[in-house]
Amino acid sequence: MSEPLAPIERRIRIAALLVLAGLGVEMTSLTRVHPLAFVVFLIVGCGAIATGAAVFLISLLDMSAGRNRSWR
Amino acid sequence: MIEGPETWALLAISAVLVLLLLFRPELTRQRGGKILAFVGLFLLPALTAWAGFMRHLEISKSREFCLSCHVMHPYGKSLAVDDDEYLPALHYQNNWVQRDRACYTCHTNYTMYGDVKSKLRGMRHLWVQYFGSIPDTIHLYMPYRNRECLHCHGGARRFLATSAHTEGDTTLAALQSERLSCLTRGCHDTAHDVKNLNGVGFWKEPVP
């Protein structure tokens, strides 16, 4: 039986999903030549990538905060 | 599909790394996995988004991009008018501008590129296209500047040899200082003229 994921690892999974969604939107938008494709890329694609990156960075902070607490 | 193999390569590499972290998040328990996650979930996606943005900016310079909105179709059609008086058609058909960038080459002051004001105007065009009402006659925000013409023609032999450009002491200076427009009535005053396209003949562009 596989080990259950730690909360931080679940967050990394969420971050990965968001970034993947953003990359998917970017890939799709690059196949279309239209102003709307640009706008969708900017708002949805970059938004998802930024959110995913933010979730990951926050999980890094939590990782280091968790280590500090256990050290004390 | 639009070219830009570097962008596609970055997308592919980013996607592979992200998929790896999606299915194996426990990799981040080790130090190497944390570094991999930092690259795969932050650095590479940021770089890929930037590459995608630059790629979209390049795409926005293409004729296909400008003509993708229905309201612009007559302007695209006017490029094939079989009449030397039509300035855009003359430039387009003689390859005086790059055909796949014909719109951008002349209208560089308000396309989705350039300064922030031009980009915001482009967004306004989109808003009007989908939520507003498109006017019957589309006007430039400001008179067409000689700068866009003289960018290529200024100092050219043929331009200087044309007597109308150099007659009198002041014509050339007036053109260069924009006191006299290149599009003055009687000079190069026919641009797209989309309202009168029904009665004109069209040049059939040969298929390569």
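Values in this document were obtained by computation on a predicted structure and should not be read as measured data.

**What to know about the side chain of Ser59(A)**
Residues and elements named next belong to chain A.
- Inspection of the secondary structure assignment puts Ser59 in helix α2 (residues 35–71).
- A polar atom in the side chain of Ser59 sits 2.5 Å from the backbone oxygen of Phe56.
- In this view, Ser59 contacts Ile8, Arg11 and Ile12; residues no more than four positions away in its chain are not counted.

**Some points on the nonpolar core**
- The biggest cluster of nonpolar side chains holds 20 residues, and the ones touching the most others in it are Leu23(A), Phe56(A), Val18(B) and Leu41(B).
- Of all the elements in the fold, those that place two or more residues in this core are α1 (7–29) and α2 of chain A together with α1 (5–23) and α2 (31–59) of chain B.
- Top element by residues in this core is α1(A). It accounts for 5 residues.
- Sequence-distant contacts of Leu41(B), that is, excluding residues within four places in its chain, are made with Ile12(A), Ala15(A), Ala16(A), Val19(A), Ala53(A), Phe56(A), Val18(B) and Leu21(B).
- Ranked by size, the runner-up nonpolar core spans 6 residues in total, among them Tyr144(B), Cys149(B), Leu175(B) and Cys182(B).

**Quick look at the pattern of salt bridges**
Residues and elements named next belong to chain B.
- For the structure shown, the criterion picks out 8 salt bridges over all chains.
- Here Arg99 makes a salt bridge to Glu205, at a shortest N to O gap of 3.0 Å. One end of the pair, Arg99, is in the loop between α5 (87–93) and α6 (102–106); the other, Glu205, is in the segment after α11 (171–176), with 106 residues separating them in the sequence.
- Residue classification places Glu205 among the partly exposed positions, given a relative accessible area of 36%.

**Observations concerning the interface of chain B and chain A**
- Counting from both sides, the interface comprises 39 residues of chain B and, opposite them, 34 residues of chain A.
- Between chain B and chain A, a total of about 3300 Å² is buried, with carbon and sulfur atoms accounting for 80% of that surface.
- Of all residues in chain B, the largest losses of buried area upon contact with chain A belong to Leu22(B), Leu41(B) and His56(B), amounting jointly to 20% of the total for that side.
- Run the count over chain B and chain A and you get 1 salt bridge.
- Ionic pairing is found between Arg29(B) and Glu9(A), a salt bridge with its closest N-O pair at 2.6 Å.
- For the interface between chain B and chain A, the tally reads 4 residue pairs in polar contact (both at pLDDT 80 or more).

Calculation notes
Residues numbered from 1 in each chain as written. Chains lettered and ligands numbered in written order. Predicted model: local features only at pLDDT ≥ 70, side-chain atom pairs only at ≥ 80, totals over all residues. Heavy atoms only, no water. Helix = DSSP H or I, 4+ residues; strand = E, 2+ residues; numbered from the N terminus. Polar contact = N/O pair within 3.5 Å; in protein donor to acceptor, adjacent residues only side chain to side chain. Contact = heavy atoms within 4.5 Å. Core = buried A, V, L, I, M, F, W, Y, C linked by side-chain atoms within 4.5 Å. Buried < 20%, exposed > 50% of the residue type's maximum accessible area, 1.4 Å probe, protein only. Salt bridge = Lys/Arg side-chain N within 4 Å of Asp/Glu carboxyl O. Buried area = accessible area lost by both parts, 1.4 Å probe.

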